[in-house]
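Observations on chain architecture
Residues per chain are reported as follows:
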Amino acid sequence: MAVIHRTTVQPTKLELLTAWLPSRPWYRGGPAEPELAKAGGFRLDDPEGEVGIEFIVVTDTSGDRSTTYLVPLTYRGAPLDGAEHALVGTMEHGVLGRRWVYDGCHDPVLLTQLPALIDGRAQAQDQNLTDVPDRDVVATYTGEGPLPADFTTTDDQEGTRLTAPHGPTLRLHRVLEPTPDGPFPSPPGSTGHLTGTWHSPDGTRTRGVYAVLYPALPA
């Protein structure tokens, strides 16, 4: 169970993301520096209790039209070997000390827990409260058996693709769009999806798709 500490971090998560987001291929902003505000998100527990896992939703209002991003992050007490390319930055936590912050799509702990969330073996947790499930995060899975965790991560202009050898592909939506009210129908050809909510700049609660799961393509 992740414990949420009431403390300070320096630099803040938004400050780290302000510098990091423009380097991503799926970033939609222009030359101006992003103006980020936290819009929502959720957490997952690391069964070993060592790695913090947070899916943070941020909205950039620097352009003519605001853009909302889904950013999975992991927080570690020491550098992750071989993941220098995925380092977002470091920060000083008021209780835990120095924390290394990674793009969670390249962290094996998150890549184990995210499939478990989709196939029902894990529960989304509130972003700000300890040991409180987040019921706004809804997973749908029509496949059989547990999903694998040995994903390869690829970023492109459309988002992030997590591909398992001889297994499924999980398309993570980095740019979030609102969906119509009511139950979300599974996209054609998919075997699962993950939806959640966030706050729009005007304060309204919005639901959208975080990720879609597709079966393995024929060889």
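Summary of the structure given here. (Residues numbered from 1 in each chain as written. Predicted model: local features only at pLDDT ≥ 70, side-chain atom pairs only at ≥ 80, totals over all residues. Heavy atoms only, no water.)

1. Notes on the overall build of the protein
Put simply, the rule is: Put simply, DSSP H or I for four residues or longer makes a helix, DSSP E for two residues or longer makes a strand, and each gets a number counted from the N terminus. As defined in this context, the radius of gyration uses C-alpha atoms, and a globule is described by 2.2 Å times the residue total to the power 0.38. Partly exposed residues are those whose accessible area sits between 20% and 50% of the maximum for their type, while under 20% is buried and over 50% is exposed, using a 1.4 Å probe and protein chains only. Here, two residues are considered to be in contact whenever any of their heavy atoms come within 4.5 Å of each other.
Counting its secondary structure elements, the protein contains 2 helices and 13 strands. Against the globule reference of 17 Å for 219 residues, the protein gives a C-alpha radius of gyration of 17 Å, in line with a compact fold. In terms of overall dimensions, the protein has C-alpha extents of about 45 × 40 × 35 Å along its principal axes. Across the 219 residues of the protein, 48% fall into the buried class. A separation threshold of at least 6 residues defines the contact pool for the protein, and within that pool the share at least 24 residues apart is 57%.

2. Structural notes on unusual backbone geometry
With phi around 55 degrees, D131 is a residue other than glycine that occupies positive phi space. Inspection of the secondary structure assignment puts D131 in the loop between α2 (108–118) and β7 (138–141). For D131, a relative accessible area of 51% puts it in the exposed group. Backbone geometry at H166 places phi at a positive 55 degrees, although glycine is not the residue there. As for its placement among the helices and strands, H166 is situated in the loop between β9 (159–163) and β10 (169–172).

3. Some thoughts on the sheet that holds β10
Selection rule: Criterion used throughout: strands pair if DSSP finds at least two bridges between them. Between N-to-C directions, angles span 0 to 180 degrees; the directions come from axes that are lines fitted to C-alpha atoms, helices contributing only their stretch in contact.
Here we have 6 strands laid out as an open sheet, ordered β7-β12-β13-β10-β9-β8, and antiparallel in their pairing. Here the strands that pair on one side only, and so sit at the sheet edges, are β7 and β8 (152–156). When strand polarity is set aside, the average angle formed by the axes of neighbouring strands in this sheet is 20 degrees. Here 4 bridges tie β10 to strand β13 (residues 205–214), and the two strands are oriented antiparallel to one another. Within β13, the residue paired with R171 across the bridge is V212. Strands β7, β8, β9, β10, β12 (192–199) and β13 of the sheet are contacted by α2, whose axis makes an angle of about 75 degrees with β7.

4. Some points on the packing of aromatic side chains
Spelled out, the test is: Classification of ring pairs uses Phe, Tyr and Trp, with its six-membered ring standing for Trp, and accepts pairs whose centres are within 6.5 Å; under 30 degrees between planes counts as stacked, over 60 as edge-to-face, and the remaining range as tilted.
Tallied over the entire structure, the rule returns 6 aromatic pairs. Look at W26 and Y69: their rings are 5.9 Å apart centre to centre, the planes differ by 45 degrees, and that puts the pair in the tilted class. Highlighted residues: W26 in the loop between α1 (13–20) and β2 (36–44) and Y69 in strand β4 (residues 67–76), separated in sequence by 43 residues. Here W26 matches Y69 in class, with each residue buried. Between Y27 and Y69, the aromatic rings sit 5.8 Å apart at their centres with planes inclined by 25 degrees, giving stacked as the arrangement. Residue Y27 is found in the loop between α1 and β2, and its partner Y69 is found in strand β4; the two are separated by 42 residues along the sequence. Take Y27: its relative accessible area is 11%, and that puts it in the buried class.

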